[in-house]
Amino acid sequence: RFRKLFRQGRFAGTYFSAVGQEATTVGPTYGLRDEDIIAPSHREIGANVTKGVPLEVIAAQVFARSNSPDKGKSHPCHYGYRPKGVITPASTVAGQTIVGTGCAMAFRIQKKDNVVLAFFGEGSTARGGWHEALNYAGIYKLPIVYICQTNLWAESVPATLAASITNFSDRAKAYGFPGITIDGN
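Procedures and definitions
Residues numbered from 1 in each chain as written. Predicted model: local features only at pLDDT ≥ 70, side-chain atom pairs only at ≥ 80, totals over all residues. Heavy atoms only, no water. Helix = DSSP H or I, 4+ residues; strand = E, 2+ residues; numbered from the N terminus. Rg over C-alpha atoms; globule rule 2.2 N^0.38 Å. Buried < 20%, exposed > 50% of the residue type's maximum accessible area, 1.4 Å probe, protein only. Areas by Shrake-Rupley, 256 points an atom, 1.4 Å probe, with all protein chains shown as cover. Lys, Arg positive; Asp, Glu negative; His and termini not counted. Charge placed at Lys NZ, Arg CZ, Asp CG, Glu CD. Salt bridge = Lys/Arg side-chain N within 4 Å of Asp/Glu carboxyl O. Polar contact = N/O pair within 3.5 Å; in protein donor to acceptor, adjacent residues only side chain to side chain. Contact = heavy atoms within 4.5 Å.

**Considerations on the overall build of the chain**
Piece 1. Each helix and strand counted, the chain has seven helices and five strands in total.
Piece 2. Counted from the first residue to the last, the chain has its helices and strands arranged as α-α-β-α-α-α-β-α-β-β-β-α.
Piece 3. For the chain, the C-alpha radius of gyration of 16 Å lies close to 16 Å, the compact-globule estimate for 185 residues.
Piece 4. Along the longest, intermediate and shortest principal axes, the C-alpha atoms of the chain span 45 × 40 × 25 Å.
Piece 5. Of all 185 residues assigned to the chain, the portion counted as buried reaches 43%.
Piece 6. When the accessible surface of the chain is summed, it comes to about 10100 Å², and 56% of that surface belongs to carbon and sulfur atoms.
Piece 7. One way to put it: in the chain the 20 positive side-chain charges average out to a point 5 Å from where the 13 negative ones average out.

**Overview of the pattern of salt bridges**
Piece 1. Applying the stated criterion across every chain, the model contains four salt bridges.
Piece 2. For Asp113, the salt bridge identified is with Arg33, shortest N-O distance 3.2 Å. Of this pair, Asp113 sits in the loop between helix 5 (95-109) and strand 2 (116-121) while Arg33 sits in the loop between helix 2 (23-29) and strand 1 (37-39), and the two are 80 residues apart along the sequence.
Piece 3. You can call Asp113 exposed: its relative accessible area is 62%.
Piece 4. Here Lys84 ties to Asp34 by a salt bridge, and the two come within 3.2 Å at their closest N and O atoms.

**Here we look at the side chain of Thr24**
Piece 1. Mapped onto the elements, Thr24 comes out in helix 2.
Piece 2. A distance of 2.6 Å separates the side chain of Thr24 from the backbone oxygen of Gln21, its partner in a polar contact.
Piece 3. Leaving out residues up to four positions away in the same chain, Thr24 has contacts with Phe119, Ile147, Gln149 and Gly184.

**Section: unusual backbone geometry**
Piece 1. If you check the backbone angles, Lys71 has positive phi at about 60 degrees while not being a glycine.
Piece 2. As for its position among the elements, Lys71 is in the loop between helix 4 (55-62) and helix 5.
Piece 3. Positioned with a positive phi, Ala94 is a non-glycine residue whose angle comes to about 75 degrees.
Piece 4. Looking at where Ala94 falls in the secondary structure, it is placed in the loop between helix 4 and helix 5.
Piece 5. On the basis of relative accessible area, Ala94 is assigned to the buried category, the value being 3%.

So this is what it looks like as structure tokens:
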């Protein structure tokens with residue numbers, strides 16, 4: 001419904017529905033507890049719904065209403081909801097991986113058994129902050145899972161011009177943890 005409303009011009013900004021990639025957001029978040037954290041990008045409406053964010057809250061964020069958690073100040077697809085452990089994403093590419101890594105370190109310091117899921121697109125893997133976050137997580141063996149949704153484009157740059165590898169999960173080895181590639185479509 002949001003896709004249709006966006007095409008009708010019923011709300012401002014851009015809208016990323018992630019239709020066809022629901023498995024990459026719903027599957028990983030299924031079974032998480034409220035106190036576990038997700039650090040979403042802009043495609044994770046499925047993760048928010050699975051994590052239990054009320055649809056009224058998601059709609060308030062899409063339509064930039066004052067009763068949304070961000071008081072109507074963020075991008076339509078920057079869903080965040082603290083009571084369910086959803087960090088509001090930043091517009092900075094890969095920014096959520098840095099914040100998610102910090103949350104994982106906080107869990108380690110507090111000796112909690114919580115986990116963080118950080119979502120990003122393959123274009124994020126070209127950002128310095130992304131590399132720093134994964135390097136830090138690898139050194140300290142943090143309780144975080146990084147989920148790369150490869151759609152073969154980083155905004156206007158095809159993946160073939162952004163990296164010399166085909167499977168972006170191969171980058172995980174450089175940081176000391178395993179990486180796997182699955183078809184999330």
